[in-house]
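Overview (structure and organization)
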Amino acid sequence: MMKPIKLLIALLLAAGPSPLRAQTDTTVFSLLDLARPGLERVAALHAAGDDTAAAEALLDYYRRRTGVVCPEANLADITITPDEQRWADEAMHHRFFVHKGYQPSYFYGDDIDWEYWPVKDNELRWQLHRMKWWVPMGKAYRLSGDERYAAEWCAEYLDWMRKNPLTAYDEGKAGNWTQAENVYFAWRPLEVSDRLEFQIHQFLYFLPAEAFSGNFLLHFLDNYHRHAEHITRHFSAKGNHLLFQAQRLIFAGVFFPEFRDAARWRETGVGILNREIGEQVYDDGMQYELDRHLLQGPADDGRQRPPGRIPGRVPRHGRTDDRRLYRLLVPGLHDAAVQRQPVPGEGGTDALLPRVGRGLPRQRRNPVDGDRRPRGNRPGAPFAGVAHLGILRPAQ
């Protein structure tokens, strides 16, 4: 019989020596720019030494915060599929949906064993740490109002933190994956970047919950910051994994601008994307790994707009106007051109492709006008698919 969930949360938060207790509230507050507008009360309480009250004030700030949204987690129009509902319900009993290739989902124990490896497939072990069932739990909570979903999510989140600490990480020393230490599964950069993205969704879904306390918020922010910093130190050398990591680092910096390091995350991610679009995408739209499945990942990444506006500068590619929407256009698999696309609500047309054509016959490269903007595709030519990453550049 499982322990009552609320008792489990209390035990995890109040436990003795552990990674959770080792990170003090002061450390977490030091990660934040408390001089930001809206955080005055948080700053005052923290300065007075009342970090418990400061944490509650910070929670209130996030619950009232406006101006930062995540288009992929539309709180005004939440839908849940039958499969997602099943994954959420099974997760309440620690039967976790990890991979479509391994169904029915495996049971990970009343006391969750995050190192359980029922089939020696690396993907099963890696993808366990993407927690694909947590977003469905958030949707189920929002649609049903059942606080048990939120309480279980908080308990599982803290349990994962406690049992999967970030220790010394050098993937070059992982050796044989069948004998690798747990940290190389739990903290592989691709999985970390996946959590960076989808913990934004989870944050939004569960933020109003009773179990989402000020104390839990501090643990969440501490863990989230650790994720982003881990990515900055362990980017993949190249390929689609690098694109995922850069794009999701931008998301982190946009959705949580309160972090002192947020601007650096945004700048780093934008710089990588601007560089890699020229390295990885051929004129005909094919990603250079020449795998249709691998192309879909970066294309899906590009189709998502960051959860808010990106303060500060982003590199210029062609003509741009202040507050105009950049669009990173990656043409479809079988289309050999890039064309300007109207930007809804912006009253104009912009296209962004930093550099085009690498390793292709010259005649397949798109002509550009004087400021290096692609002149576009032939009129009426169909696109097999267009991906875009919207980046808003505020007025100077």
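In the block above lies the structure referred to throughout.
Residues numbered from 1 in each chain as written. Predicted model: local features only at pLDDT ≥ 70, side-chain atom pairs only at ≥ 80, totals over all residues. Heavy atoms only, no water.

Moving on: the pattern of salt bridges. By the definition in use, this model includes 18 salt bridges. Between Arg-188 and Glu-191 there is a salt bridge, and its shortest N-O distance comes to 2.6 Å. Among the residues examined, Arg-188 registers a relative accessible area of 9% and is labelled buried. The salt bridge partner of Arg-248 is Asp-194, with a shortest N-O separation of 3.7 Å. Of the two residues, Arg-248 sits in helix α13 (residues 239-255) while Asp-194 sits in helix α11 (residues 189-206), which places them 54 residues apart along the sequence. By relative accessible area, Arg-248 is classed as buried at 6%. (Salt bridge = Lys/Arg side-chain N within 4 Å of Asp/Glu carboxyl O. Buried < 20%, exposed > 50% of the residue type's maximum accessible area, 1.4 Å probe, protein only. Helix = DSSP H or I, 4+ residues; strand = E, 2+ residues; numbered from the N terminus.)

Taking 1.5 Å per residue as the helical rise, helix α9 (residues 147-163) with its 17 residues ought to reach 24 Å, and the 24 Å between its terminal C-alpha atoms agrees with that figure. With 13 of 17 residues buried, α9 lies mostly within the body of the structure. (Expected span 1.5 Å × (residues − 1).)

Remark: α9 packs on α11, axes separated minimally by 11 Å, with the N-to-C direction vectors making an angle of 145°. Crossing of α9 against α11: the hand is left-handed. Two secondary-structure elements touch here, α9 through Tyr-149, Ala-150, Trp-153, Tyr-157 and Trp-160 and α11 through Arg-195, Gln-199, Gln-202 and Phe-206. By residue class, the composition of the contact of α9 with α11 is six nonpolar, two polar and one charged. (Axes fitted to C-alpha atoms, helices over the stretch in contact; angles between N-to-C directions. Left-handed = near helix turned anticlockwise from the far one by under 90°. Contact = heavy atoms within 4.5 Å. Nonpolar A, V, L, I, M, F, W, Y, C, P; charged D, E, K, R; others polar.)

Secondary-structure assignment places Gln-127 in helix α7 (residues 122-128). Given the relative accessible area of 8%, Gln-127 is considered buried. A distance of 2.8 Å separates a polar atom in the side chain of Gln-127 from a polar atom in the side chain of Glu-123. Among the polar contacts listed, one links the side chain of Gln-127 to the side chain of Lys-132, at a separation of 2.4 Å. Those residues in contact with Gln-127, other than ones at most four positions away along the chain, are Val-98, His-99 and Lys-132. (Polar contact = N/O pair within 3.5 Å; in protein donor to acceptor, adjacent residues only side chain to side chain.)

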